[in-house]
Amino acid sequence: MGLFSSDIKTMDDLFVHTLKDIYYAENQILKALPDMIEKASDTGLKQGLTSHLAETKNHVARLDQAFKLMGMKPEGVDCPAIDGILDEANEIAGEVDDKRVLDAALIAAGQAVEHYEMTRYGTLIAWAKQLGRADVASLLEQTLKEEKAADAKLTSLAERGINAKAA
């Protein structure tokens, strides 16, 4: 089903489609993070990515809970956006020999992922509230807060020295 598919007829259909999109995205991120952790050389970056791996597992669990609250089985739909972001990150990481530059590239890739997630969660929260699903909105708000914090941590790591070391 494409984003503007004829299967999406109502706001509820659009909400469920987008929920499935972020479910797929979170699961793809779960698969990608261990490789990013392995490639990182900066201790703080490794720790931050490892911490976010644990958080991402919780994000998937919250999405499982959201689907359950809605009486649905958790499932994803292909998300070309997150696939593209992760593919680009892998491609760039494969081309960088200098570990300090690689750390800066990993931060940039991580932030691209975080920004995608923040847009999706922000939209889903607004739609959940509009659809009278405060229970689901509350779960998604917890995740959005963590995504914003992860983005801020990446910015801090970059500004505190990783970018300067890479320059």
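Remember, it's a predicted structure, so these values are computed and weren't measured experimentally. (Residues numbered from 1 in each chain as written. Predicted model: local features only at pLDDT ≥ 70, side-chain atom pairs only at ≥ 80, totals over all residues. Heavy atoms only, no water.)

*Asks:* Provide a residue-level description of the overall build of the chain, including the pertinent values.
*Replies:* Within the chain, the regular secondary structure consists of five helices and zero strands. Helices (α) and strands (β) of the chain occur, in sequence order from the N terminus, as α-α-α-α-α. For the chain, whose C-alpha radius of gyration is 17 Å, the value lies close to the compact-globule estimate of 15 Å for 167 residues. In terms of overall dimensions, the chain has C-alpha extents of about 50 × 30 × 20 Å along its principal axes. Taking all 167 residues of the chain together, 46% fall into the buried category. Here the contacts in the chain between residues at least 6 apart in sequence split such that 77% fall between residues at least 24 apart. As displayed, the chain has an accessible area near 8,600 Å², and 53% of this comes from carbon and sulfur atoms. Where the 19 positive side-chain charges of the chain centre and where its 28 negative ones centre are 5 Å apart. (Helix = DSSP H or I, 4+ residues; strand = E, 2+ residues; numbered from the N terminus. Rg over C-alpha atoms; globule rule 2.2 N^0.38 Å. Buried < 20%, exposed > 50% of the residue type's maximum accessible area, 1.4 Å probe, protein only. Contact = heavy atoms within 4.5 Å. Areas by Shrake-Rupley, 256 points an atom, 1.4 Å probe, with all protein chains shown as cover. Lys, Arg positive; Asp, Glu negative; His and termini not counted. Charge placed at Lys NZ, Arg CZ, Asp CG, Glu CD.)

*Asks:* Outline a negative patch on the surface, listing residues and values.
*Replies:* Taken together, the side chains of Asp87, Glu88, Glu91 and Glu95 define an acidic patch exposed on the protein surface. Looking at the secondary structure, you find aspartate 87 in helix H3 (residues 80-95). Judged by relative accessible area, aspartate 87 falls into the exposed class, the value being 51%. (Patch = residues over 30% accessible without salt bridge, like charges linked within 9 Å, V, L, I, M, F, W, Y side chains within 5 Å. Salt bridge = Lys/Arg side-chain N within 4 Å of Asp/Glu carboxyl O.)

*Asks:* Quick rundown of the packing of helix H2 (residues 43-69) against helix H4 (residues 99-130)? Include the residues and the values.
*Replies:* Packing of H2 against H4 leaves a shortest axis separation of 12 Å and a crossing angle of 20°. Classified by the angle between their axes, H2 and H4 sit roughly parallel to one another. Between H2 and H4 lies a crossing whose hand is left-handed. Residue-level contacts link Leu45, His52, His59 and Leu63 of H2 to Asp103, Leu106, Ile107, Glu114, Glu117 and Tyr121 of H4. (Axes fitted to C-alpha atoms, helices over the stretch in contact; angles between N-to-C directions. Parallel < 35°, antiparallel > 145°, perpendicular 65-115°, else oblique. Left-handed = near helix turned anticlockwise from the far one by under 90°.)

*Asks:* Run through the environment of alanine 93, naming residues and quoting values.
*Replies:* If you trace the backbone, alanine 93 turns up in helix H3. Residues alanine 93 and aspartate 12, 81 residues apart in the sequence, show an inter-C-alpha distance of 39 Å. Setting aside anything within four residues of it in sequence, one finds alanine 93 in contact with Lys39 and Leu102.

*Asks:* Tell me what's going on with the side chain of histidine 52, and back it up with residues and numbers.
*Replies:* Relative to the helices and strands, histidine 52 resides in helix H2. Looking at histidine 52, the relative accessible area reads 7%, which means it is buried. In contact with histidine 52, other than residues within four places in its own chain, are Leu33, His59, Glu114, Glu117, Glu147 and Ala150.

*Asks:* Which residues make up H2, and what values do they have?
*Replies:* Its 27 residues place the ends of H2 39 Å apart at the C-alpha level, agreeing with the 39 Å of an ideal helix rising 1.5 Å per residue. For H2, the complete set of buried residues consists of Leu45, Leu49, His52, Leu53, Glu55, Thr56, His59, Val60, Arg62, Leu63, Ala66 and Phe67. Packing partners of the buried residues in H2 comprise helix H1 (11-39), H4 and helix H5 (134-166). Sitting at the amino-terminal end of H2 is aspartate 42, which places a side-chain oxygen 3.0 Å from the backbone nitrogen of glycine 44. Where H2 ends, the next residue or the one after it, glycine 71, has phi of about 75°, a positive value. (Expected span 1.5 Å × (residues − 1). Polar contact = N/O pair within 3.5 Å; in protein donor to acceptor, adjacent residues only side chain to side chain.)

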